[in-house]
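Residues per chain, in single letters:
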Amino acid sequence: MKKLKLDIVGLSYSQTQSGAYALVLGEINGNRRLPIIIGSFEAQAIAVEIEKMTPSRPLTHDLFKTFAQSFDITVDEVLIYNLVDGIFFAKLICSQGSQTFEIDARTSDAVALAVRFECPIYTYDFIMSAAGIVIESNDFAFLENMNTPASDESAPAAAAPQEYNKPKEVSPYASLTMEQLENTLEKAIANEQYEVAAKIRDEIERRKS
């Protein structure tokens, strides 16, 4: 089967499932995107590493990495190898010296570890053909209109459809100065409030753009 290399191109609130996030993986040198619904904890774990935030105490995936490295185990590849009844299945391709072995994992956990071990993420062409979406730009608005996006098994059950033409919400941090935002961001990270930190970071980036 043909393998495709993927990259993380988006991570946002899911508009189709309450309390969940949409992780968007993009085909390298292609225009197909693979949206996966994941839980908030896993989304936080991925975002923290992508944004190079330093938690005051190690998160679960950081602990896994430290544990693995202590025994000279590396994660060489993440493979999303199947899609059954709307659920993705993934595995870690690991090595220890000359030994290579595979470990079954939830897709969200596998991606969280991939960003920490800086290893490639792959899937098969039949999965991309079945669940992928072709887009012509980096506009992820299509996620809001997906009726039954495939998910990681850790994601919560589907919620009732939502209205998508709501007025844009005003950031609760809009009234703060840049200095106040940066100080609040540091405090949020120190207190391990990573979802709050992500919102503050978004406000900072919005002002810089």
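Remember, it's a predicted structure, so these values are computed and weren't measured experimentally.

Engineer: Is there a simple way to explain the overall build of the chain in this structure?
Structural biologist: Of the regular secondary structure elements, the chain holds six helices and eight strands. Reading the secondary structure of the chain in the N-to-C direction produces β-β-β-α-α-β-β-β-α-β-α-β-α-α. When burial is assessed residue by residue, the chain has 43% of its 209 residues classed as buried. For the chain, the proportion of contacts with a sequence separation of at least 24, taken over those separated by at least 6, is 60%. Approximately 11700 Å² of the chain is accessible, and the part contributed by carbon and sulfur atoms is 50%.

Engineer: Whenever I open this one, helix α3 (residues 107-117) confuses me. Can you help?
Structural biologist: The α-helix winds at 3.6 residues per turn, so residues separated by three or four positions along the chain end up facing the same way. Of all 11 residues making up α3, 11 are buried, and the element is well covered by its neighbours. Within α3 the residues assigned to the buried category are Thr 107, Ser 108, Asp 109, Ala 110, Val 111, Ala 112, Leu 113, Ala 114, Val 115, Arg 116 and Phe 117. One or two positions beyond α3, positive phi appears at Glu 118, with a value near 55 degrees.

Engineer: I would appreciate a short explanation of the sheet that holds strand β1 (residues 3-13) in the present structure.
Structural biologist: On the basis of which strands lie adjacent, the open sheet formed by eight strands has the order β6-β5-β4-β7-β1-β2-β3-β8 and mixed pairing. Across the chains shown, the open sheet's two edge strands, defined by having one partner strand only, are β6 (99-105) and β8 (133-134). Direction of pairing for β1 relative to strand β7 (residues 121-124): antiparallel, over a ladder of four bridges. By the bridge assignment, Lys 3 is partnered in β7 with Tyr 124. Lying on the sheet, α3 is in contact with β1, β2 (20-27), β3 (32-39), β4 (74-84), β5 (87-96), β6 and β7; it crosses β5 at an angle near 40 degrees.

Engineer: Mind showing me how you'd approach the state of the cysteines here?
Structural biologist: Covalent bonding between the sulfur atoms of two cysteines is what defines a disulfide. Tallied over the full model, the rule gives zero disulfides. Unpaired in this structure, Cys 94 has its nearest cysteine sulfur neighbour in Cys 119, at a distance of 8.4 Å.

Engineer: I would appreciate a short explanation of the side chain of Lys 91 in the present structure.
Structural biologist: Examined against the element boundaries, Lys 91 turns out to sit in strand β5. In this structure Lys 91 comes out as buried when scored by relative accessible area, which is 18%. Within the local environment of Lys 91, its side chain forms a polar contact with the side chain of Glu 102, the two groups lying 3.0 Å apart. When sequence neighbours within four positions are dropped, the list of residues in contact with Lys 91 reads Glu 77, Val 78, Leu 79, Tyr 81, Glu 102, Ile 103, Asp 104 and Ala 105.

Engineer: Just checking my understanding: could you explain the packing of aromatic side chains for this structure?
Structural biologist: How two aromatic rings sit relative to each other is set out by the distance from centre to centre and by the angle between their planes. For the coordinates displayed, the defined rule picks out three aromatic pairs. An angle of 50 degrees between the planes, with centres 5.2 Å apart, marks the rings of Phe 67 and Phe 71 as tilted. Residue Phe 67 is classed as exposed on the basis of its relative accessible area of 55%. If you follow Lys 3 out to its NZ or CZ, it ends over the ring of Tyr 122, 4.6 Å from the centre.

Engineer: Any chance you could explain the nonpolar core here in plain terms?
Structural biologist: Grouped burial of nonpolar side chains is what soluble globular proteins tend to show. Membership of the largest hydrophobic core comes to 35 residues, with the highest contact counts inside it found for Ile 8, Leu 25, Leu 34, Ile 80, Phe 88, Leu 92 and Ile 121. Secondary structure elements with two or more residues in this core: β1, β2, β3, α1 (40-50), β4, β5, α3 and α4 (125-131). Here this core takes seven residues from α3, the largest share from any one element. Ranked by size, the runner-up nonpolar core spans 11 residues in total, among them Val 48, Tyr 173, Leu 181 and Leu 185.

Quick notes on the rules
- Residues numbered from 1 in each chain as written.
- Predicted model: local features only at pLDDT ≥ 70, side-chain atom pairs only at ≥ 80, totals over all residues.
- Heavy atoms only, no water.
- Helix = DSSP H or I, 4+ residues; strand = E, 2+ residues; numbered from the N terminus.
- Buried < 20%, exposed > 50% of the residue type's maximum accessible area, 1.4 Å probe, protein only.
- Contact = heavy atoms within 4.5 Å.
- Areas by Shrake-Rupley, 256 points an atom, 1.4 Å probe, with all protein chains shown as cover.
- Pairing = 2+ DSSP bridges.
- Axes fitted to C-alpha atoms, helices over the stretch in contact; angles between N-to-C directions.
- Disulfide = S-S within 2.5 Å.
- Polar contact = N/O pair within 3.5 Å; in protein donor to acceptor, adjacent residues only side chain to side chain.
- Phe/Tyr/Trp six-rings, centres within 6.5 Å; stacked < 30°, edge-to-face > 60°.
- Lys NZ or Arg CZ within 6 Å of the ring centre and 35° of its normal.
- Core = buried A, V, L, I, M, F, W, Y, C linked by side-chain atoms within 4.5 Å.

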